[in-house]
Structure formats: structure tokens, C-alpha cells
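Chains, contacts and geometry: an overview
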Amino acid sequence: MTSTGMQFGIFTVGDVTVDPTTGRAPTEAERIRATVAIAKKAEEVGLDVFATGEHHNPPFVPSSPTTLLGYIAAQTERIQLTTATTLITTNDPVKIAEDYSVLQHLADGRVDLMLGRGNTGPVYPWFGKDIRAALPLTVENYQLLRRLWREEVVDFSGEYRTPLHGFTLAPRPLDGVPPFVWHGSIRTPEIAELAAHFGDGFFANHIFWPASHTKRMVQLYRQRFEHYGHGGADQAIVGLGGQVFLRPNSQDAVNEFRPYFDNAPVYGHGPSLEEFSEQTPLTVGSPQQVIDKTLGFRDYVGDYQRQLFLVDHAGLPLKTVLEQLDLLGEHVIPVLRKEFAIGRPAHVPGAPTHESLVEAARQSEIQEAS
């Protein structure tokens, strides 16, 4: 995998939801196995990225992302494996550092991660944390995580965990280069600021909110990225979420998806499918409609690096999800790759990969030596 342009992929939230057309929900085991099948299919049809969420409560199954991604890594060869998201607030930074270092070695570097605070309040006390400290927890935990991956011996004293004295992470990151970090947020400017400060990636969830909101968040991140001296605003590393449902005929897509939309725990029983599609990135229709709407994202966020679609939620059966991936791989992604490359300035970086990060570290060493 190169870092010459955009990455396209899918993310899952791992929900176990009743299929409204059959009245049946998959078992947890079926849902987990289906997730693996979806990830393998994503690689087969030529996608670049597979991402899993992290949830610790029913009706979700991905409570251990690195276990899931490690299993998928063993059955894939090329696809980049990541999260959407890893909870930086309730996970111990030492454990995050260890888990993702091990995963990085097992997957030959095909790993990055997206840090976030999550959207489930009760998780905090389950892991001994206070939700009222979510933002300062995020900052402190991430500062420690960065040091664990970059320093041989770490001494640390903070407000939210016991001190570390002479701690050395084992194993060290692959090739001495930590996994690339994205910071994911729906609505929190402080997270855009954190990503910009460290020169990390910013992933705008982009699912439930109008384009104007996403535009403001990405603009803030780009401006602050430049402010901190990491490069021009248009060189900041941006990712977007999105959700699609495709059929060759657009009306077939609308008719088939409507019962899933209307009953979905996240957005059912509110605005209509048509209203929601008009106001958010949701695209239900033909491959061409998905292409047109996705290309429109660049109009308000600029040239960006990663586009992930949600395709397996709301009780959709595995067979339907695999058909979605066939349509994406054959009719949508090749066109998006070509169209997004048109007019993309040479100085705008591609999506970071392990290879590109290792090369950047090597160039940095050469410059310091000279």
C-alpha cells in the first residue's frame, strides 16, 4: 500500500440489531463471524481500510478491537486495519500502547487507530473513570500514550492514574515507528485542536450532522494544524465517515433500505429517509448517486485522505452487506479514486501508511545527521 492518494474503506459499529423484515436478530457469535467475513470481503473487492468500533455494552459486540483485528490480520494480506474508535478515556494508555504494538507486529504494520471518547456515558464508571473528566482524561492519556511509543524509558505523573517510574514498553513499535493516530470526533472542537497540536489525523464522523458542521470542524483543524507548524492547512490529514446503501436501481435501494432506516435504533423514528438523506451524508441509491454525493464532500472539506463508509448496520443481513461491498468495489471506488485524483495538488499528502511513516522517520534522521 502506498501513500500516494486517498484510502477508501468501511467501518462497523458492531451492532446486533433485529432485521425488521424477518424479525430475527443474529446471535453475538453470528455477528462477530459476519464482521470477519465483511472485512475479508472488503479486501477481496479492493478496498483499502477496514475499521471496527469499540463498545462495551449490549447490543454491540466489538468490546475487544485488537482481538478482532488480530484475527482478521491473520486472514488478510493487504487491507489496512484500524478502529472507529479506540476509547482513550476509559482504556489505560499503557494497555493501548501494548495492544497496538503487538497488533502492529502481527499485521506487518497494516495498523493505525482512531482515538475517541465514545458516546456511551455508563462506560466511564465501568472502568473506574468519571465522565465529567472526559476531556482532561483524553489529553492526559494521549500525552502518555505518545511518550510510551516514542521514549525508551518513561517516568510519568498525572492526575488520573498511578505514576510510572522507569517504565519501558514491550514490545516496542514495529521498526521504531508508532501506529498513525487519528482523532475522531462528531462535535468537539477540543479534539480537532488536540489532533492539530500533535500533527495527527482528524476524522470527522460526518454521519448525523449537516455539511456545514463538518466543514467548520475540519476548517478549525486545518487552521490549527498550520498554526502549530506541521505544514499548510491543505496538508492536514483528514478522514470522513459516511453511510451508503446501494442497488443498481436507485428506487430499489430506497424501497429495500427504508424498513431498516425506519427501525434503526440510531436514527429511526425521526426525520424521514428522504429528509435525512438531504441533510446528512447518507446516500441511498444507485452507484452513480453515491459517487456524486461523495465527490461533493471535497467541496467543503478540501482534498482529504480517508473515506470510510458504514454499510453493515441496522440489522442488514450478511448477504446484503456483501452485495453492498461488491457494488462499492466494482462500480464506486474505482471511479472515486480516479475523480478524487483529478486536480489534487502534488503537495497534499496521501493517507499515511507504515511504509510512508518509516520513510519519513528515515528522512528526518538524515536531515538531523547533516
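Look up: the structure comes first, before these words.
Here we summarise the structure given alongside this text. For clarity, every value in this text was computed on a predicted model and none was experimentally measured.

Here we look at the overall build of the chain
Scanning the chain from terminus to terminus reveals twelve helices and twelve strands. Computed over C-alpha atoms, the radius of gyration of the chain comes to 20 Å, within 12% of the 21 Å expected from 2.2 N^0.38 for 370 residues, which places it in the range of a compact globule. Taken along the three principal axes of its C-alpha coordinates, the chain extends 60 × 50 × 40 Å. The buried share of the chain, taken over its 370 residues, is 53%. Across the chain, every contact between residues at least 6 apart in sequence was considered, and the portion connecting residues at least 24 apart equals 73%. Accessible surface for the chain amounts to roughly 15,800 Å². Of this, 53% is attributable to carbon and sulfur atoms.

Side note on the layout of surface pockets
The calculated volume of the second largest pocket comes to roughly 810 Å³. As for the second largest pocket, its lining consists of 30 residues, and the residues nearest its centre are R150, F180, G199, L357 and A360. Counting residues per element, the ones that place at least two in the lining of the second largest pocket are α5 (134-150), β8 (180-185) and α12 (354-369). With six residues, α12 is the single largest residue contributor to the lining of the second largest pocket. When the residues that make up the lining of the second largest pocket are grouped by side-chain class, the tally is 16 nonpolar, ten polar and four charged.

Observations regarding the pairing of strand β9 (residues 201-204)
In β9, alternate side chains face the same way, and those of G201 and F203 on one face and F202 and A204 on the other are all buried. Across four bridges, β8 lies against β9 in parallel orientation. In the sheet register, S185 faces β9, and the bridge partner there is A204. At this point the chain moves from β8, through helix α6 (residues 189-198), to the parallel β9, and the crossover so formed is right-handed. Bridge count for β9 against strand β10 (residues 238-246) is three bridges, and the pairing is parallel. Paired with A204 across the bridge in β10 is L240.

Quick notes on the pattern of salt bridges
Counted by the stated rule, this structure contains 20 salt bridges. E44 is the partner of K41 in a salt bridge, and the nearest nitrogen-oxygen pair spans 3.5 Å. Of this pair, K41 and E44 both sit in helix α1 (residues 28-44), three residues apart, roughly one helical turn. Residue class for K41 comes out buried when judged on its relative accessible area of 14%. According to the relative accessible area criterion, E44 is exposed, its value standing at 60%. Across the salt bridge formed by D48 and R78, the nearest N and O atoms sit 3.8 Å from each other. Of this pair, D48 sits in the loop between α1 and β2 (49-52) while R78 sits in the loop between α2 (65-74) and β3 (80-83); the two residues are 30 residues apart in sequence, bridging distant segments of the chain. We classify D48 as buried; its relative accessible area is 9%. R78 gets classed as partly exposed once you look at its relative accessible area, which sits at 32%.

Side note on the packing of aromatic side chains
Scanning all chains against the criterion turns up nine aromatic pairs. A centroid spacing of 5.1 Å and a plane angle of 25° characterise the contact between F245 and F257, whose relative ring orientation is stacked. Of this pair, F245 sits in strand β10 while F257 sits in helix α8 (residues 250-263), placing them twelve residues apart in sequence. Look at F245 and you get buried, because its relative accessible area is 0%.

Quick look at the nonpolar core
The biggest cluster of nonpolar side chains holds 96 residues, and the ones touching the most others in it are I10, F50, F202, Y221, F257, L328 and L336. Broken down by element, the residue count for this core peaks at eight residues, all from helix α11 (residues 318-341). Once residues lying within four places of it in the same chain are set aside, the contact partners of Y221 are A192, A195, A196, D200, G201, F202, A236, I237 and V238.

Examining the side chain of N91
Relative to the helices and strands, N91 resides in the loop between β4 (86-87) and α3 (93-106). Engagement of the side chain of N91 in a polar contact is seen with the side chain of E54, the distance being 3.0 Å. Separated by 2.9 Å, the side chain of N91 and the backbone oxygen of L87 make a polar contact. Not counting residues within four places of it along the chain, the set of residues in contact with N91 comprises E54, T86, I96 and N141.

About the criteria used
- Residues numbered from 1 in each chain as written.
- Predicted model: local features only at pLDDT ≥ 70, side-chain atom pairs only at ≥ 80, totals over all residues.
- Heavy atoms only, no water.
- Helix = DSSP H or I, 4+ residues; strand = E, 2+ residues; numbered from the N terminus.
- Rg over C-alpha atoms; globule rule 2.2 N^0.38 Å.
- Buried < 20%, exposed > 50% of the residue type's maximum accessible area, 1.4 Å probe, protein only.
- Contact = heavy atoms within 4.5 Å.
- Areas by Shrake-Rupley, 256 points an atom, 1.4 Å probe, with all protein chains shown as cover.
- 1 Å grid on protein atoms, 1.4 Å probe; cavity = no way out; pocket = protein on both sides within 12 Å on 5 of 7 lines; lining within 4 Å.
- Points joined across faces, edges and corners; volume = space filled by probe spheres on them.
- Nonpolar A, V, L, I, M, F, W, Y, C, P; charged D, E, K, R; others polar.
- Pairing = 2+ DSSP bridges.
- Right-handed = clockwise from strand over helix to strand, strands pointing away.
- Salt bridge = Lys/Arg side-chain N within 4 Å of Asp/Glu carboxyl O.
- Phe/Tyr/Trp six-rings, centres within 6.5 Å; stacked < 30°, edge-to-face > 60°.
- Core = buried A, V, L, I, M, F, W, Y, C linked by side-chain atoms within 4.5 Å.
- Polar contact = N/O pair within 3.5 Å; in protein donor to acceptor, adjacent residues only side chain to side chain.

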